[in-house]
Structure formats: structure tokens, C-alpha cells
Amino acid sequence: MTVVLSAQARWLKSLHVLSRIPRNRLLVAAPLFRKHVTLRAISTSPPAARKPWVEYLPQKTRPYLYLTRLDKPIGTLLLFYPCAWSITMASYSLQLPFTTPLTYVSLFGLGAIVMRGAGCTINDMWDKNLDKAVDRTKDRPLARGDITPKQAIIFLGGQLTAGLGVLLQLNWHSILLGASSLSLVTIYPLMKRFTHWPQAVLGLAFNWGALLGWSAVAETVDWNVCLPLYAGGVCWTLVYDSIYAHQDKLDDVKVGIRSTALLFGENSRPILTALSASTLSLISYAGYMNSHGEPFYLGVGLAALQLSRVLYRTDFNSRSSCWKGFVGCGWAGFWVWMGALGDYALLLSSLS
């Protein structure tokens, strides 16, 4: 529509100019003028949207990949970062060789991909009918009927089997600790029907790696470090998932879904700012209890700048802006990990 109106405006302006040109010259120039306008209108057409990479894979596999949100890796990263924090901080505390965090970061990275996908499958199985009523989720595979509930259950069985295979690579303390988080993953989708705090339940599930990562490395949990790290991660989840929930708040009211986005309302920015401050304070306290040095706090400082940037720029009434803010919050987790990793690398260099 914009291109058409723009072309019409240029055409009218050109007619005004052409009205001053003698008729014999106008007859010669008319074909060139028409060609010019046509080319200009075509050149201002918007580029075609790029297809997601999933669309280039075999058709039968696409619904399952969309079901696991594999085309949107930010969810996997948000699940992975607390694991990476804990693994790196435990390796720093115990002065372990670099092969230890490398092994466990790889293992937990694979586990994050599998279990995030399993969580999405469980979520969509619970929310199949609700997703049909929400504009952003109505095209999810289960809501649209691309996958039947029976197929989803079979697929979920495969995902959980793969997750168990990863979990069994850990020590028995970690296996029991990891298995205990499944109850949180299972009940999370139900919480939005009964409480305005489903984001808190997601935080409890998504940051379990802050406990499990340390347990995998040390065969026990240092609660003095891991509890504030876990609590900081929960606050961080409340920040990014509240921003995420603002995308659907109008539809959520219609279908009776509850969220912190609706609970916080117009006070979202100051409340999420306070939660961000809590996140950074708790993670800094965990670093203090683990005797970290300057690189760790530099990473936390960069995370603080990133969260400040997100909260300043996000328009809570714009779906696209909320999505950008949600993705931007992931970088805060990345910088915390880089700070811990920098401290660990500095330790290794001093030991060598």
C-alpha cells in the first residue's frame, strides 16, 4: 500500500512538472517517464521475508522441530546459562583442569536442548486449546493439528529417554537431584490457570542447573554459593519471562490466562528494575561466597548494563519490542558466564 501511494504521489507531482513542457517534447518523453515511474515503484517493494531454516528440512520433521522450538534457540540458552555459571564456578572453586568444565558444559548443553524441547512438548500438550485462542500461538503444531496428541506423547517419550541418557552420565547425587526437577517442569503449564505467578514456577524449573551443575562437578552442592546463585536466576527469569508474557496480555485476558505481565501492569518497568537489581545482587553475593575476583564482577557489570538497556528500550505495549527485550535479557546471562569463565581462565594461567 505504501509503495502504491508513494508512486501515485510522484506521478501527480510529475504531471505538474510535465504540464509546463511543450506538447511536442512531452510526446517524446512520455515512454521514458512511464518506465521511470514503474522502475521506481518496483525498486521500493519490501524484500521477501526469509524462511526459517526448519522449512528447508523434510516436511514430516518440521512439526516436531517447531514443537520443540528448535528454530528459536533463546529458550535453550536461558536454560543452559545457569548450568554454565554453576559448572564454571565450581571448577574455579576446586581448581579443576579445563577438561572438567569443558566436559560438563558440553553435556549440559546437550541436556538443555533435549529438556527444553521436552518442556515445550509438555507445555503445548496442556495448552493445546488455549493456544488456539491466542494469536501468537495459534499456529503451533498441536494447536493447528499438525501433530496429534498421541504422536506428541510418543515424541515426548523419546525426548525424556534422551534426557535420561544425558542424566545417567552424572553421579548418583546429581541423578537424583536432576530427576526431582521433573515435577516443576510438569506442573508449570498449569500454573497460569491458577496464579499470576507462573513465571516464578518457570524460574524454579529453569534455574535448577545452578544446583545441578555444581553437583555434577563436585558430587555435592555448596549451598552457600548455589542458593544465592539459584535465587538470582529465579529473579532473572521473572524479568525475562514477564517481558515475554507482555506479548500476549490482551489475548490472555480474553481466555483467562494469568501472568506477572497482567499482575504488574503499568508498574512493570519499576518492578522488573527491582527484580533485575535483586538478580545482580544475589549473583554477586554468590561470587563473593566463592571468592571470585575482578573478571567475575566485570561480567556482572556488563550484565547490569544489558538489563538496564533492555528495560529502558522495551515498549511493553509492542509485541515486537517485547520479543527483542526477551532475547536481550539472554545476553545478561551470557555476560555472567563470561565473567566466571574469565576468572577461571585467570586462575588456570596463574597455576600453570
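Residues numbered from 1 in each chain as written. Predicted model: local features only at pLDDT ≥ 70, side-chain atom pairs only at ≥ 80, totals over all residues. Heavy atoms only, no water.

Under an unreviewed UniProt entry, the name given to the chain is 4-hydroxybenzoate polyprenyltransferase, mitochondrial, and the source organism is Gymnopilus junonius. Entered under Sequence similarities (unreviewed entry) in the UniProt record, the comment concerning the chain runs "Belongs to the UbiA prenyltransferase family." (UniProt positions renumbered as here; feature names shortened; annotations may be inferred.)

1. With respect to the UniProt feature "transmembrane region" (unreviewed entry) in the chain
According to UniProt, the "transmembrane region" (unreviewed entry) feature falls on residues 74-92, 104-126, 147-168, 295-312 and 324-347. Split by type, residues 295-312 is 100% helix and 0% strand. Its first and last C-alpha atoms lie 26 Å apart. (Helix = DSSP H or I, 4+ residues; strand = E, 2+ residues; numbered from the N terminus.)

2. Details of unusual backbone geometry
Notably, Arg 69 is not glycine yet its phi reads approximately 55 degrees, a positive angle. With respect to the helices and strands, Arg 69 occurs in the loop between α3 (62-67) and α4 (74-94). Phi at Ser 291 takes a positive value of approximately 60 degrees, unusual for a residue other than glycine. Counting through the fold element by element, Ser 291 comes out in the loop between α16 (268-289) and α17 (294-313). The class for Ser 291 is exposed, based on a relative accessible area of 55%. (Buried < 20%, exposed > 50% of the residue type's maximum accessible area, 1.4 Å probe, protein only.)

3. A short note on the nonpolar core
Counting 74 residues, the largest nonpolar core has Trp 85, Met 89, Trp 236 and Ile 243 as its most contacted members. Per-element tally for this core: the top contributor is helix α13 (residues 223-245), with 12 residues. For Met 89, the residues in contact, after removing those within four places along its chain, are Trp 214, Val 225, Leu 229, Ala 286, Gly 287, Asn 290, His 292, Phe 296 and Ala 340. (Core = buried A, V, L, I, M, F, W, Y, C linked by side-chain atoms within 4.5 Å. Contact = heavy atoms within 4.5 Å.)

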